[in-house]
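The residues making up each chain are set out below.
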Amino acid sequence: MARVTYVQPDGSEKTCTNFEGMAVMHLAIGNLVDGIDALCGGVRQCGTCHVYVDDAWIERVGPPGEDEAIMLDALSDAIAVTAGSRLSCQIHITEELDGLRVHIPKEQPGV
Ligand code: FES
C-alpha cells in the first residue's frame, strides 16, 4: 500500500491510501479530493487532472511520457505548466511512491 497526500486548491490536505497500480487521479476521485475533474476518465484527452508534483518528488515520479508531454504542451496556453506538471491519470502508484505529495491547481483547463 502507498499513501498520497493531495494539497487541495484551498490549501487543505487529504492523505489517501491505496494499493499498487492505481492512478493518482483515480485515488483522488474515489476519495472526493477537491480540484481533480478528470473529465475524460483518464485517457489523456482533457488535462483536468493536472497536478504539480511536489519538488521533493519530481525526480522519483519521473517525467511525463511522450503523449502526456504533448498534451501538457497543448495546455500550456491555458495553464501554468512547470517542471512538476503531470496528468495525475498517468501517474501510477507504486511502493516507491509511498508518501507522494501533489499540489492541485486552483483551476483546471476549460473548467
Ligand atoms: Fe483527462 Fe487525465 S483524466 S487527461
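Definitions and cut-offs
Residues numbered from 1 in each chain as written. Predicted model: local features only at pLDDT ≥ 70, side-chain atom pairs only at ≥ 80, totals over all residues. Heavy atoms only, no water. Helix = DSSP H or I, 4+ residues; strand = E, 2+ residues; numbered from the N terminus. Rg over C-alpha atoms; globule rule 2.2 N^0.38 Å. Buried < 20%, exposed > 50% of the residue type's maximum accessible area, 1.4 Å probe, protein only. Contact = heavy atoms within 4.5 Å. Areas by Shrake-Rupley, 256 points an atom, 1.4 Å probe, with all protein chains shown as cover. Lys, Arg positive; Asp, Glu negative; His and termini not counted. Charge placed at Lys NZ, Arg CZ, Asp CG, Glu CD. Pairing = 2+ DSSP bridges.

Peer 1: Help me understand the overall build of the chain in this model?
Peer 2: When you go through the chain residue by residue, the secondary structure sums to 3 helices and 5 strands. Going from the N terminus to the C terminus, the chain shows its helices and strands as β-β-α-β-α-α-β-β. Taking 13 Å as the expected radius of gyration for a compact globule of 111 residues, we find that the chain reaches 12 Å, a close match to that expectation. Its C-alpha atoms give the chain principal-axis dimensions of about 35 × 25 × 25 Å. Counting all 111 residues of the chain, 46% fall into the buried class. In the chain, once contacts between residues fewer than 6 apart in sequence are set aside, the share between residues at least 24 apart is 66%. Summing over all exposed atoms, the chain offers an accessible surface of approximately 5800 Å²; the carbon and sulfur share of this is 50%. Seen as two clouds, the 7 positive and the 17 negative side-chain charges of the chain have centres 5 Å apart.

Peer 1: Hey, could you run me through the pairing of strand S3 (residues 50-53) in this one?
Peer 2: If a strand is regular, its side chains alternate between the two faces of the sheet. Residues His50 and Tyr52 of S3 are buried on one face, and the alternating residues Val51 and Val53, pointing to the opposite face, are buried as well. Two elements, S3 and strand S4 (residues 85-87), share 3 bridges in a ladder whose sense is antiparallel. Along S4, the bridge assignment pairs histidine 50 with leucine 87. When S3 meets strand S5 (residues 100-103), the two strands line up antiparallel, connected through 2 bridges. Across the sheet, residue valine 53 finds its bridge partner in S5, namely valine 102.

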